Amino acid sequence: DKAPLSKSLLLVPSAISILLTLLFQHYQKFFAYNLQAIKEDFQIWRLICGRTICLDLKDTFCSSLLIYNFRIFERRYGSRKFSSFLLGAWMLSALFDLLLVEIAQYLFGITINSLPSGFLGPVFALFVPFYSSIPRVQVTQVLGYFSITNKTLVYILGLQLLTSGSYIWILALSGLVSGICYNSSILKVHRILCVPSWVAKIFSWTLEPIFSSAEPTNEVRVGMGATVDIQRQQRMELLDRQIMMSQVAQMRRQRQQQGGMINWNRLFPPLRHRHNANYQDHRPSEQDTPPPTEVSEEQVARLMEMGFSRGDALEALRASNNDLNVATNFLLQH
């Protein structure tokens, strides 16, 4: 839902790749990423055909899974901005492909006449915003030392794709460099290499109805996780919030029966405005403040890895009785 471009990139190139591999093998030569033909025969069209369709089903499978996981960026930024990133990364990675091939030949004497085909440069470029903007949440540990997070599977898929071919490291390096250039706004490439609004409107009118999906109606709306594990975790967090709210409502009813009202800010003070003068004037007295709860430094470190300050992490964990999921949700909502 809300990711028609990702859906089209997942279905159309994969279908063409399967057809070329199983039924139309004699047409595979037109989709080969042949650098020699591009440089010597000026077959510029190979930059389009050779950098769009994978000829190896292993690359098709891995890149499709990565696009499925990276659809979270289309939902976050919108289809036009997401397509602009893919277009910019695709064009920059084509330039870096040729440059890296020349560097490899000049420094190491390696002559590279062809590279693996497919939409691989932009896929590797998406690892840059994935690393920098998606928070890392630990799921479990292996042998007590190796942490398994919500991003581990995506990195494993990227490593599998990286080791699938002999010269695919060139595509990976050019994709990462192009992603860094576009994501960090070097030389304002995000303003130059972008999809015009009129082009976005045309595709929105023509292709988006074909690849759009209906919003799920049989499940509670709890967000749009990029993977099934994240969606399951979001539902668990929703259940935690519901339990917490039911406990608060029960405490409120007990206070009302005793002739008093529970103070919500006493349990969850406004973290982002705790230095505000109005809040300082209405801070509860020391007699009403409950004793501080002992906080786990490991959980504080996890929240700080997500980008929250230490003070906010401490207060959120104390308020949620050291429940990491509830504390994370509270920080994200406040």
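Quick notes on the rules
Residues numbered from 1 in each chain as written. Predicted model: local features only at pLDDT ≥ 70, side-chain atom pairs only at ≥ 80, totals over all residues. Heavy atoms only, no water. Helix = DSSP H or I, 4+ residues; strand = E, 2+ residues; numbered from the N terminus. Buried < 20%, exposed > 50% of the residue type's maximum accessible area, 1.4 Å probe, protein only. Contact = heavy atoms within 4.5 Å. Areas by Shrake-Rupley, 256 points an atom, 1.4 Å probe, with all protein chains shown as cover. 1 Å grid on protein atoms, 1.4 Å probe; cavity = no way out; pocket = protein on both sides within 12 Å on 5 of 7 lines; lining within 4 Å. Points joined across faces, edges and corners; volume = space filled by probe spheres on them. Nonpolar A, V, L, I, M, F, W, Y, C, P; charged D, E, K, R; others polar. Salt bridge = Lys/Arg side-chain N within 4 Å of Asp/Glu carboxyl O. pLDDT = per-residue confidence, 0-100. Phe/Tyr/Trp six-rings, centres within 6.5 Å; stacked < 30°, edge-to-face > 60°. Lys NZ or Arg CZ within 6 Å of the ring centre and 35° of its normal. UniProt positions renumbered as here; feature names shortened; annotations may be inferred. Lys, Arg positive; Asp, Glu negative; His and termini not counted.

Glancing now at the overall build of the protein. Regarding its fold elements, the protein presents 19 helices and four strands. A total of 334 residues make up the protein; the buried ones form 39% of that total. Long-range pairs, those at least 24 residues apart, make up 70% of the contacts in the protein between residues at least 6 apart in sequence. When the accessible surface of the protein is totalled, it reaches about 19,800 Å², and 61% of it is carbon and sulfur.

Take the layout of surface pockets next. Considering only enclosed or pocket space, the second largest pocket measures out at about 840 Å³ in volume. If you trace the second largest pocket, you find 24 residues lining it, with Leu-5, Ser-8, Leu-9, Ser-83 and Phe-203 closest to the centre. Those elements giving two or more residues to the lining of the second largest pocket turn out to be helix H1 (4–22), helix H6 (79–108), helix H12 (197–206) and helix H13 (208–211). For the lining of the second largest pocket, the residue count by class is 16 nonpolar, five polar and three charged.

Before going further, it helps to examine helix H18 (residues 310–319). The complete set of buried residues in H18 reads Asp-312, Ala-313, Leu-314, Ala-316 and Leu-317. Asn-321 occupies a position one or two residues after H18 and carries a positive phi of about 60°.

This brings us to the pattern of salt bridges. Taken as a whole and judged by the stated rule, the model has four salt bridges. Between Asp-97 and Arg-51 there is a salt bridge; the shortest N-O distance is 3.5 Å. Taken together, the residues Asp-97 in helix H6 and Arg-51 in the loop between helix H3 (45–49) and helix H4 (57–69) connect sequence positions 46 residues apart. Neither residue differs from the other here; Asp-97 and Arg-51 are each classed as buried. Across the salt bridge formed by Lys-58 and Asp-56, the nearest N and O atoms sit 3.2 Å from each other.

Summed over the entire model, instances satisfying the criterion amount to two cavities of 30 Å³ or more. Counted as a void, the largest cavity has a volume near 80 Å³. Lining the largest cavity, in full, are Leu-9, Pro-13, Ser-14, Thr-52, Cys-54, Thr-60, Ser-63, Ser-64, Ile-67, Gly-118, Phe-119 and Leu-120. Sorting the residues of the lining of the largest cavity by element identifies H1 and H4 as the ones contributing at least two each. Broken down by class, the residue content of the lining of the largest cavity amounts to six nonpolar, six polar and no charged. The space that makes up the second largest cavity amounts to roughly 30 Å³. Lining the second largest cavity are Tyr-33, Gly-50, Arg-51, Pro-116, Gly-118, Leu-120, Gly-121 and Leu-171. Its residues placed into classes, the lining of the second largest cavity shows four nonpolar, three polar and one charged.

As a further point, take the confidence of the model for the protein. Of all residues in the protein, 74% attain a pLDDT of 70 or more, and the chain-wide mean is 78. pLDDT under 50 marks residues 219–224. Its contacts with residues more than four places away, or in other chains, come to 11 contacts. The low-confidence segment residues 260–290, where pLDDT is below 50, has 42 contacts with residues more than four positions distant or belonging to other chains.

A full pass over the atoms with the stated rule returns 10 aromatic pairs. Summarising the aromatic geometry, the rings of Phe-85 and Tyr-182 are spaced 5.4 Å apart at their centres and angled 85° between planes, so their arrangement reads as edge-to-face. Remark: Tyr-182 occurs in helix H10 (residues 168–183) and Phe-85 occurs in helix H6; sequence separation between them is 97 residues. Each member of the pair, Phe-85 together with Tyr-182, is buried. An aromatic cluster of at least three residues, connected via ring pairs, comprises Phe-70, Phe-73, Tyr-77, Phe-124, Phe-127, Phe-130 and Tyr-155. The aromatic ring of Tyr-68 is capped on one face by Arg-71, whose charged end is 3.9 Å from the ring centroid.

Let us look at the side chain of Ser-17. Inspection of the secondary structure puts Ser-17 in helix H1. Classification of Ser-17 as buried rests on a relative accessible area of 0%. Leaving out residues up to four positions away in the same chain, Ser-17 has contacts with Ile-53, Cys-54, Leu-57 and Thr-60.

As a further point, take the UniProt feature "transmembrane region" (unreviewed entry) in the protein. Listed under "transmembrane region" (unreviewed entry) in the UniProt record, and renumbered for this structure, are residues 6–24, 85–108, 114–132 and 153–177. Here residues 114–132 is 63% helix and 11% strand, with 32 Å between the C-alpha atoms at its ends.

Mapped onto the secondary structure, Arg-46 falls in helix H3. As a buried residue without a salt bridge, Arg-46 has its nearest oppositely charged side chain in Asp-41, at a separation of 7.1 Å. Beyond its immediate sequence surroundings of up to four residues, Arg-46 is in contact with Lys-29, Phe-30, Ala-32, Tyr-33, Asn-34, Ala-37, Ile-38 and Arg-51.

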